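Letter by letter, the chains look like this.
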Amino acid sequence: MAPIKTKAKNLDMTQGEPARLLVLFAIPMLIGGIFQLMYNMTDTLVVGRFASVGALAAIGATGSTTSLIMMLGQGLTNAVSVVISQAEGAGRQDRMKSCVAHAVYLVLAGSLVLGLASFFGARPFLTLLGTPENIIDDAVSYVQITGGLSIALTAYNGVAAVLRAIGDSKTPLYFLILCSLLNVVLDLVFVIAFHGGVPGVAIATVISQAVSVVLCVFYMVRRYPRLRPDAASFRFDGKIIREYLTIGLPMCFQSGVLCVGMSVITAVINSFGSDIVAAYTIGGKVEQLATLSFSNLAFSFSVYAGQNYGARLYRRIGEGLKKGLLIIVGLTILSSAVMLLFARPLAQIFLEEDVAAVLDGAVAMIRTEACFFWALGIIWAVNSTLRGMGLVRIALVSSIVELVCKIGISVTLSQVIGSAGIWIAAPSGWVLGLIPSLIYLLRWFKHAPADGELPAGKAPAAP
């Protein structure tokens, strides 16, 4: 086995055993995912136990809206990761500072648009989704605060994307841990001490994100001089922005497409009343816990594929994908077994009162989706690989297939078998959405150029 080379003590994904590299890179992301989950779940847990079921449902009703805001921002920052990881793999250090400087422009512009849309569009959008009247005011406040100040989260994701692109998955972890612990403390302070309710946890979330991004940026510019932009780096270069947008906009559109499906499902869920909304909220949080074991390994394929694509090591991408998928499928089987056995006690963590309708609905959702975690793990890994190679359009096709399936099944089956029809929609989308991506990727590898050659239609990058 070749030794793992490092660049400033970061993993070089173009050298060494692919499976080992993917696992080593994913471990800090997994730990970070645990703290990210704690960060995300704290709002739900605190209001569920120290406020009311109505407050819990209010946060749950914002799920599709806040996910849309977050995923649109991530679409832009994922483009930063792809461009910089390819430059890293190609040894293009000369471009690093300019790419980082233009990532600042991208984050500022994207955050401004998302912030304005969140603040002024929260109530109309939540009304359109049929959010119950008894929870809509809290839901609007949560979206206006967390979305209106989304620059904190988008900036953190941008810095983390840059660091992960060069093989450093540990630094974002350290600051995420700090941010998560701070969020727990602030949530408890704002809800218990200040009786802030839903707006209180929203404010706590934004403060935690802002502290995290300030510290993370400070560390990056001190630790990595090659990433530190100088005055010349901020000279506007339309080519770099176009490169970001060429990759980022399809990702944003893909996120938007997925969130449209989530919004339709949310509207269907809202029609069943606040108990089913709360059940969906709890089920979603437990699902996040269950998928931690394989999600970060799947997402690490983006950086792995990006660096090797930049180095023109196409066979190595396929080798890593095969070995990584075997690990992912094994982890999904384990996660499914745990969720099938312990769905009820996990769901009960989020409830102070034993509300039968809420608990039964959450358990049904968890167990239904657990049976299809294998499809979720595979589609995440395959689409991450495609994005790392810059092949974002086929991932968009996959998302559209997933969307159509989710909408059709959630709307149709919910009329026939009730809320159980909603729980079936997401797994069906995972299975059918995987088909186009997997077929395309297999065909790409079958006709891939020889290692060291440029893909068809690609010109050498300008210096």
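Keep in mind it's a predicted model, so treat the numbers as computed, not measured. (Residues numbered from 1 in each chain as written. Predicted model: local features only at pLDDT ≥ 70, side-chain atom pairs only at ≥ 80, totals over all residues. Heavy atoms only, no water.)

**Comments concerning the overall build of the protein**
Then step 1. For the protein, the helix and strand inventory stands at 16 helices and two strands.
Then step 2. The burial tally for the protein puts 56% of its 463 residues in the buried class.
Then step 3. At a minimum sequence separation of 6, the contacts of the protein that also span at least 24 residues come to 83%.
Then step 4. Here the protein has roughly 18800 Å² of accessible surface; of this, 68% comes from carbon and sulfur atoms. (Helix = DSSP H or I, 4+ residues; strand = E, 2+ residues; numbered from the N terminus. Buried < 20%, exposed > 50% of the residue type's maximum accessible area, 1.4 Å probe, protein only. Contact = heavy atoms within 4.5 Å. Areas by Shrake-Rupley, 256 points an atom, 1.4 Å probe, with all protein chains shown as cover.)

**Quick word on the packing of helix H12 (residues 314-348) against helix H14 (residues 373-388)**
Then step 1. Between H12 and H14, the shortest axis-to-axis distance is 8 Å and the interhelical angle comes to 150°. The angle between H12 and H14 falls in the class roughly antiparallel. As for how H12 packs across H14, the hand of that crossing is right-handed. Only Phe 373, Trp 374, Gly 377, Ile 378, Ala 381 and Thr 385 of H14 make contact with H12, whose side of the interface consists of Ile 317, Leu 321, Leu 325, Ile 328, Val 329, Thr 332, Ser 335, Ser 336 and Met 339.
Then step 2. Counted by class, the contact of H12 with H14 contains ten nonpolar, five polar and no charged residues. (Axes fitted to C-alpha atoms, helices over the stretch in contact; angles between N-to-C directions. Parallel < 35°, antiparallel > 145°, perpendicular 65-115°, else oblique. Left-handed = near helix turned anticlockwise from the far one by under 90°. Nonpolar A, V, L, I, M, F, W, Y, C, P; charged D, E, K, R; others polar.)

**A look at the nonpolar core**
Then step 1. Among the nonpolar cores identified, the biggest contains 78 residues, and Ile 282, Met 339, Phe 373 and Met 389 are the most heavily contacted of them.
Then step 2. For this core, the element with the highest residue contribution is helix H10 (residues 274-299), accounting for ten residues.
Then step 3. Listed in part, the 35 residues of the second largest apolar core include Ala 103, Val 159, Val 162 and Ile 247. (Core = buried A, V, L, I, M, F, W, Y, C linked by side-chain atoms within 4.5 Å.)

**Let's talk about unusual backbone geometry**
Then step 1. Even without glycine at this site, Arg 312 takes up a positive phi of about 60°.
Then step 2. Inspection of the secondary structure assignment puts Arg 312 in the loop between helix H11 (301-310) and H12.
Then step 3. For Arg 312, a relative accessible area of 29% puts it in the partly exposed group.

**Structural notes on the pattern of salt bridges**
Then step 1. By the definition in use, this model includes five salt bridges.
Then step 2. Close ionic contact of Arg 344 with Asp 360 constitutes a salt bridge, the shortest N to O distance being 3.2 Å. Of this pair, Arg 344 sits in helix H12 while Asp 360 sits in helix H13 (residues 356-370); the two residues are 16 residues apart in sequence, bridging distant segments of the chain.
Then step 3. Residues Glu 402 and Lys 406 are paired through a salt bridge, measuring 3.1 Å at the closest nitrogen-oxygen approach. Of this pair, Glu 402 and Lys 406 both sit in helix H15 (residues 392-417), four residues apart, roughly one helical turn. (Salt bridge = Lys/Arg side-chain N within 4 Å of Asp/Glu carboxyl O.)

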